[in-house]
Every structure is written in C-alpha cells, then in structure tokens.
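Listed below, chain by chain, are the residues.
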Amino acid sequence: QVQLVESGGGLVQPGGSLRLSCAASGFTFSIYGMTWVRQAPGKGLEWVSSINTNIGRTSYTDSVKGRFAISRDNAKNTLSLQMNSLKPEDTAVYYCASGWGTYDYWGQGTQVTVSS
C-alpha cells in the first residue's frame with residue numbers, strides 16, 4: 001500500500017521557520033522525483049519545489065527561492081522541505097507528491113499557518 005505521510009506543519013510567526021517531512025512507503029522511493037505542492041485558502045494547487053532522484057537537481061517556484069530548501073534521504077525514504085523567513089502568503093496546506101511534473105501518489109497534506 002502506497003503511503004506518503006506529511007508532518008511538521010503548524011502555526012509560526014512571520015519570519016519564522018518550519019521543517020516539513022514526508023515519509024514514503026509502499027513504492028520504490030529512490031527512483032521517483034519528488035515534489036512539494038501547496039494550496040492556499042480559496043486557491044488552487046501551486047507547485048512549490050521538486051527534487052530529482054539522485055539529489056543532483058532541484059527547482060523552486062520564484063516566490064520561495066532563497067527561503068525554502070528541498071532535500072531527500074533515499075536511505076530513509078524521506079522527503080523534506082526546510083522553510084525559512086516564512087511569510088503570511090506561505091499559509092497553505094502543503095502536500096508531497098511522487099513525480100516531477102506528473103504525480104502518481106499524493107500525501108494527505110499538512111497545514112502551515114504563518115500569522116502573528
């Protein structure tokens with residue numbers, strides 16, 4: 001059974017940091033590019049960042065460049081997103097998904113709220 005389970009969300013003040021994690025199981029994690037996608041209240045899905053299989057290539061949407069860092073640990077089947085200098089506009093449900101551009105599996109999401 002394929003599972004992607006996100007964790008690490010919460011309430012943080014503007015300028016703060018959070019680290020999201022995504023634990024993968026039930027598929028061969030190491031052969032998939034992996035992606036973080038978010039959905040802000042009342043808005044559609046927004047691609048945030050992707051990382052390829054061997055950690056050699058990453059990509060970010062412009063609004064998070066220099067603030068967010070995606071990483072993966074293929075030995076632990078874990079995807080991470082380090083989020084620094086958080087802004088209120090980063091408030092969203094964050095999802096991890098397997099793939100880069102097209103997605104086979106999705107997690108259930110974790111809520112990130114940036115507010116004072």
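What comes next is a walk through the structure. This structure is a prediction, so every number in the text was calculated from the model and none was measured.

Calculation criteria
Residues numbered from 1 in each chain as written. Predicted model: local features only at pLDDT ≥ 70, side-chain atom pairs only at ≥ 80, totals over all residues. Heavy atoms only, no water. Core = buried A, V, L, I, M, F, W, Y, C linked by side-chain atoms within 4.5 Å. Buried < 20%, exposed > 50% of the residue type's maximum accessible area, 1.4 Å probe, protein only. Helix = DSSP H or I, 4+ residues; strand = E, 2+ residues; numbered from the N terminus. Contact = heavy atoms within 4.5 Å. Disulfide = S-S within 2.5 Å. Pairing = 2+ DSSP bridges. Axes fitted to C-alpha atoms, helices over the stretch in contact; angles between N-to-C directions. Polar contact = N/O pair within 3.5 Å; in protein donor to acceptor, adjacent residues only side chain to side chain.

## Let's talk about the nonpolar core
The nonpolar side chains of soluble globular proteins are, as a tendency, buried together.
For step 1, the next point in the chain: Among the nonpolar cores identified, the biggest contains 26 residues, and Trp 36, Phe 68, Leu 79, Leu 81, Met 83 and Tyr 94 are the most heavily contacted of them.
For step 2, the next point in the chain: Listed by contribution, the elements that provide at least two residues to this core are strand S3 (18-25), strand S4 (34-39), strand S5 (45-51), strand S7 (68-73), strand S8 (78-83), strand S9 (92-98) and strand S10 (110-114).
For step 3, the next point in the chain: Ranked by the residues each element gives to this core, the list is headed by S3, at 4 residues.
For step 4, the next point in the chain: Excluding residues that lie within four positions of it along the chain, Phe 68 makes contacts with Arg 38, Val 48, Tyr 60, Leu 81, Gln 82, Met 83, Asn 84, Leu 86, Asp 90 and Tyr 94.

## Considerations on the state of the cysteines
For step 1, the next point in the chain: In the structure shown here, the tally under the stated rule is 1 disulfide.
For step 2, the next point in the chain: Two residues, Cys 22 and Cys 96, share a disulfide whose sulfurs are 2.0 Å apart. Across the S-S bond linking Cys 22 and Cys 96, the dihedral sits near 50°, which makes this disulfide right-handed. In this pair, Cys 22 sits in strand S3 while Cys 96 sits in strand S9, placing the two residues 74 residues apart along the sequence.

## Concerning unusual backbone geometry
For step 1, the next point in the chain: One non-glycine residue, Asn 77, lies in the positive phi region at around 55°.
For step 2, the next point in the chain: Secondary-structure assignment places Asn 77 in the loop between S7 and S8.

## Section: the sheet that holds S9
For step 1, the next point in the chain: The strand order S2-S10-S9-S4-S5-S6 describes an open sheet built from 6 strands, whose pairing is mixed. The sheet is open, and its two borders are formed by strand S2 (10-12) and strand S6 (58-60), each paired with just one other strand. For this sheet, the mean angle separating the axes of adjacent strands, direction not counted, is 25°.
For step 2, the next point in the chain: Sheet analysis places S5 next to S6, joined by 3 bridges and oriented antiparallel. Each residue of the ladder has a partner; that of Ile 51, found in S6, is Thr 58.

## What to know about the sheet that holds strand S1 (residues 3-7)
For step 1, the next point in the chain: An order of S1-S3-S8-S7 is seen for the 4 strands of this open sheet, with the pairing classed as antiparallel. Looking at which strands have only one partner, the edges of the open sheet turn out to be S1 and S7. The average angle at which neighbouring strand axes cross in this sheet is 15°, direction not considered.
For step 2, the next point in the chain: Inspection of the sheet shows S3 paired to S8 by 6 bridges, in the antiparallel sense. Its bridge partner lying in S8, Ala 23 is registered against Thr 78.

## So, the side chain of Ser 49
For step 1, the next point in the chain: With respect to the element layout, Ser 49 can be found in strand S5.
For step 2, the next point in the chain: By relative accessible area, Ser 49 is classed as buried at 0%.
For step 3, the next point in the chain: A distance of 2.9 Å separates a polar atom in the side chain of Ser 49 from the backbone oxygen of Ser 59.
For step 4, the next point in the chain: Sequence-distant contacts of Ser 49, defined by excluding residues within four places in its chain, comprise Met 34, Thr 35, Trp 36, Ser 59, Tyr 60 and Ile 70.

From the geometry alone we can't say anything about function, so treat these as descriptive.
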